[in-house]
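Listed here are the chains, written in short residue letters.
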Amino acid sequence: MEKRKTKVGLVGLGLDTYWPQFEGLYARLCGYQDWIASKMSRPDTEVINAGIADNPVKAVDVAEDLKKEDISILFVFISTYALSSTVLPLAQRVKVPVILLNIQPAAAIDYDYINNLGDRGKMTGEWLAHCQACSVPEFASVFNRSGIPYEIVSGYLQEEYVWKQINNWIDAVRVVNGMKNNRMGILGHYYCGMLDVYTDLTQQSSVFGTHVEIVEMCELKAYRDNVTEEDVKDKLDEFNACFDIDGQCEPYELDRAARTSIALDRLIDAHDLGSMAYYYEGYAGNEYENIVTSVIAGNTLLTGRNIPIAGECEVKNVQAMKIMSLLGVGGSFSEFYALDFNDDIVMLGHDGPAHFAISEGKVRLVPLPVYHGKPGKGLSIQMTVKHGPVTLLSVCEGKDGIFLLAAEGESVEGPTLKIGNTNSRYRFTCGARAFIDNWSKAGPSHHCAIGIGHQIDKLEKIAFLLGIPIVKV
């Protein structure tokens, strides 16, 4: 899929009455704004710096210019006191989420410096360079009454908190745009009887903007039938490079998995897919059974390339995996395995796929004599998520629509099951008993996506941009 830069708008707000009154104030505030624009710039982000709008007429002109740039979010730098009649037409016309930057030049005014200037005009000008907070309640009041979505970042220019917040907003916008541009494939059908997994595809497209592409098993089989021995050799080389292959893996099973992996790559490329949910279970011994019992290795390779694949046709969870993938924190397919009340931890795992980026050590490829609850046997993966902070994410569908469910915890050391699955131990501050109860009562399906690091601040911003709720456990 084509990678596009995220376009963000930056506009300063001021009051034109001040400029002739206070020499140097306008230039100073422009300097602050240029510094903000420079620090916002990233390889994945294009900042459209529209300068300072200091009256309602200029605000309309700036809004029209920003609309042409197709920005995804507007950062409004309150450079000094500004009128709400300037910010309202700007926000109304641009029609994107607004983040008010209540950012002072310093953590506090230098009171002694100002009070010793000896000229109350100069003293006032110096104060106005620090007078960002004055407009915040005024703007918020008008936005509240006008139904304009907004958030606020308050702090000072060199503050780490401020830049963490700004970068988290940019990351959130990048994820939302990534979801809008994503093409999600659906291969096969739901696992029969998993009512929690069933979803409304129209809502998924409506909320996230994701295109849903229905792909067919017969197409995957056609690609597999055309695999050459040279193709298989190259894929086995990739297996050896990416996996720690268990010595008990039979050459026949490795060959079978390699052929299916090549076919999956070609299916993904043919439809330009950025994610896929799949499951197939036909009549015993049908010709597709050879494919669906040999997909885990190939699906793990794709997931490691940030093309997440979810089994059991779990569309909602592949959406959660894609969000985590776009955040750059993994997104491994998981379900609840057990509770350890002695150690007060929750065990989660699945029979695949895994995500290489978040593995504690190399992902192992191991043989399985049976896929529990599914037909056949074949290869699977053994992996533990990196020890340290983690975030669980579920895309949920309730009676009032789609929402996010998230929790922050820690992947911890300790014994795990060596059954050919992803398998990890997680600790939550509320304890295992309260966690499983509260998580379940929020109404997710039994799957979730796991990413490394604590990501709830970004997920809250993503939910804000999408206009959906987020529930935190």
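Computed from a predicted model, the values in this text were never measured in an experiment.

## Details of the side chain of Q204
Thought 1: Its location among the elements puts Q204 in helix 9 (residues 201-208).
Thought 2: We classify Q204 as buried; its relative accessible area is 0%.
Thought 3: A polar contact is formed between the side chain of Q204 and the side chain of T199, at a distance of 3.4 Å.
Thought 4: Separated by 3.2 Å, the side chains of Q204 and Q319 make a polar contact.
Thought 5: Excluding residues within four positions of it along the chain, Q204 makes contact with T199, G209, T210, V315, K316, Q319, V395, E397 and I402.

## Some words on helix 12 (residues 251-271)
Thought 1: Along its 21 residues, helix 12 runs 31 Å from first to last C-alpha, staying within 8% of the 30 Å computed at 1.5 Å per residue.
Thought 2: With respect to burial, helix 12 is a largely interior element, 15 of its 21 residues being buried.
Thought 3: Looking at the residues trailing helix 12, positive phi occurs at D272, about 50°.

## Considerations on the packing of aromatic side chains
Thought 1: Scanning the model with the defined rule gives 14 aromatic pairs in all.
Thought 2: A centroid spacing of 5.8 Å and a plane angle of 75° characterise the contact between W35 and W163, whose relative ring orientation is edge-to-face. Highlighted residues: W35 in helix 2 (residues 25-40) and W163 in helix 8 (residues 160-180), separated in sequence by 128 residues.
Thought 3: Taken together, the ring pairs connect F336, F428, F435 and W439 into an aromatic cluster.
Thought 4: Taking NZ or CZ as reference, K39 lies 5.4 Å from the ring centre of W163, over its face.

## Some remarks on unusual backbone geometry
Thought 1: Positive phi is not limited to glycine here, since K95 has a value of about 60°.
Thought 2: Under the relative-accessibility criterion, K95 is labelled exposed at 68%.
Thought 3: For D344, which is not glycine, the phi dihedral falls at a positive 55°.
Thought 4: Looking at the element boundaries, D344 is found in the loop between strand 11 (330-340) and strand 12 (345-350).
Thought 5: Accessibility expressed as a relative area gives 34% for D344, which makes it partly exposed.

## Observations regarding the sheet that holds strand 7 (residues 211-215)
Thought 1: Taken in spatial order, the four strands make up an open sheet running 7-6-9-10, and their pairing is parallel. The outermost strands of the open sheet, each flanked by one partner alone, are strand 7 and strand 10 (309-310).
Thought 2: Two elements, strand 6 (residues 183-188) and strand 7, share five bridges in a ladder whose sense is parallel. Opposite M184, over in strand 7, you have V212 as the bridge partner.

## As for the sheet that holds strand 5 (residues 150-156)
Thought 1: Read across the open sheet, the five strands follow the order 2-1-3-4-5; overall the sheet is parallel. Taken across any chain shown, the strands that pair with only one partner, and hence form the sheet edges, are strand 2 (45-53) and strand 5. Neighbour to neighbour, the strand axes of the sheet diverge by 20° on average, direction disregarded.
Thought 2: Alignment of strand 4 (residues 98-104) against strand 5, held across seven bridges, turns out to be parallel. Looking at the pairing, L101 lines up with V153 of strand 5.
Thought 3: Helix 2 rests against strand 1 (6-13), strand 2, strand 3 (73-78) and strand 4 of the sheet, and its axis sits at about 170° to strand 2.
Thought 4: In the packing of helix 8 onto the sheet, the strands contacted are strand 1, strand 2, strand 3, strand 4 and strand 5, and the crossing angle to strand 5 comes to about 150°.

## Remarks on the packing of helix 8 against helix 17 (residues 456-466)
Thought 1: Packing of helix 8 against helix 17 brings their axes to within 9 Å, and their N-to-C directions diverge by 55°. On the basis of the axis angle, helix 8 is oblique to helix 17. You can see that helix 8 and helix 17 cross each other, and the crossing is right-handed. Residue-level contacts link Q165, N168, W169, D171, A172, V173, V175 and V176 of helix 8 to D457, K458, K461, I462, F464, L465 and L466 of helix 17.
Thought 2: Residue composition of the contact of helix 8 with helix 17, by class: nine nonpolar, two polar and four charged.

## Observations concerning the packing of helix 11 (residues 229-242) against helix 12
Thought 1: One can describe the packing of helix 11 onto helix 12 by two numbers: an axis separation of 9 Å at closest approach and a directional angle of 100°. Taken together, the axes of helix 11 and helix 12 lie roughly perpendicular to each other. Residue-level inspection shows E229, D231, V232, K235, L236 and F239 of helix 11 in contact with helix 12, the latter providing L254, D255, A257, A258, R259, S261, I262, D265 and R266.
Thought 2: A breakdown of the residues in the contact of helix 11 with helix 12 according to their chemical character gives seven nonpolar, one polar and seven charged.

## Focus on the pattern of salt bridges
Thought 1: Using the criterion set out here, one finds 25 salt bridges in the structure.
Thought 2: Across the salt bridge formed by E229 and R259, the nearest N and O atoms sit 2.6 Å from each other. Linking E229 in helix 11 with R259 in helix 12, this pair joins segments that are 30 residues apart in sequence.
Thought 3: In this structure E229 comes out as exposed when scored by relative accessible area, which is 55%.
Thought 4: Through salt bridges with shared partners, a single network forms among R42, D44, D171, R174 and K458.

## Concerning the nonpolar core
Thought 1: In this structure, L10, M40, F75, L101, I166, I323 and I462 are the most contacted members of the largest nonpolar core, which totals 70 residues.
Thought 2: Here L101 is in contact with L10, I36, M40, F75, V76, F77, I78, V153 and I166, once residues within four sequence places are set aside.
Thought 3: Counting 37 residues, the second-largest nonpolar core is a separate cluster that includes L254, L365, L368 and F428.

## Comments concerning the pairing of strand 18 (residues 447-452)
Thought 1: Among the six residues of strand 18, five are classified as buried, and the element is accordingly described as predominantly covered.
Thought 2: Looking at chain direction, strand 11 and strand 18 are connected through five bridges and run antiparallel. Looking at the pairing, E335 lines up with H447 of strand 18.
Thought 3: Here strand 15 (residues 388-398) runs beside strand 18; their pairing, made up of four bridges, is antiparallel. Within the sheet, the bridge partner assigned to L393 lies in strand 18 and is A449.

Thresholds, definitions, all that
Residues numbered from 1 in each chain as written. Predicted model: local features only at pLDDT ≥ 70, side-chain atom pairs only at ≥ 80, totals over all residues. Heavy atoms only, no water. Helix = DSSP H or I, 4+ residues; strand = E, 2+ residues; numbered from the N terminus. Buried < 20%, exposed > 50% of the residue type's maximum accessible area, 1.4 Å probe, protein only. Polar contact = N/O pair within 3.5 Å; in protein donor to acceptor, adjacent residues only side chain to side chain. Contact = heavy atoms within 4.5 Å. Expected span 1.5 Å × (residues − 1). Phe/Tyr/Trp six-rings, centres within 6.5 Å; stacked < 30°, edge-to-face > 60°. Lys NZ or Arg CZ within 6 Å of the ring centre and 35° of its normal. Pairing = 2+ DSSP bridges. Axes fitted to C-alpha atoms, helices over the stretch in contact; angles between N-to-C directions. Parallel < 35°, antiparallel > 145°, perpendicular 65-115°, else oblique. Left-handed = near helix turned anticlockwise from the far one by under 90°. Nonpolar A, V, L, I, M, F, W, Y, C, P; charged D, E, K, R; others polar. Salt bridge = Lys/Arg side-chain N within 4 Å of Asp/Glu carboxyl O. Core = buried A, V, L, I, M, F, W, Y, C linked by side-chain atoms within 4.5 Å.

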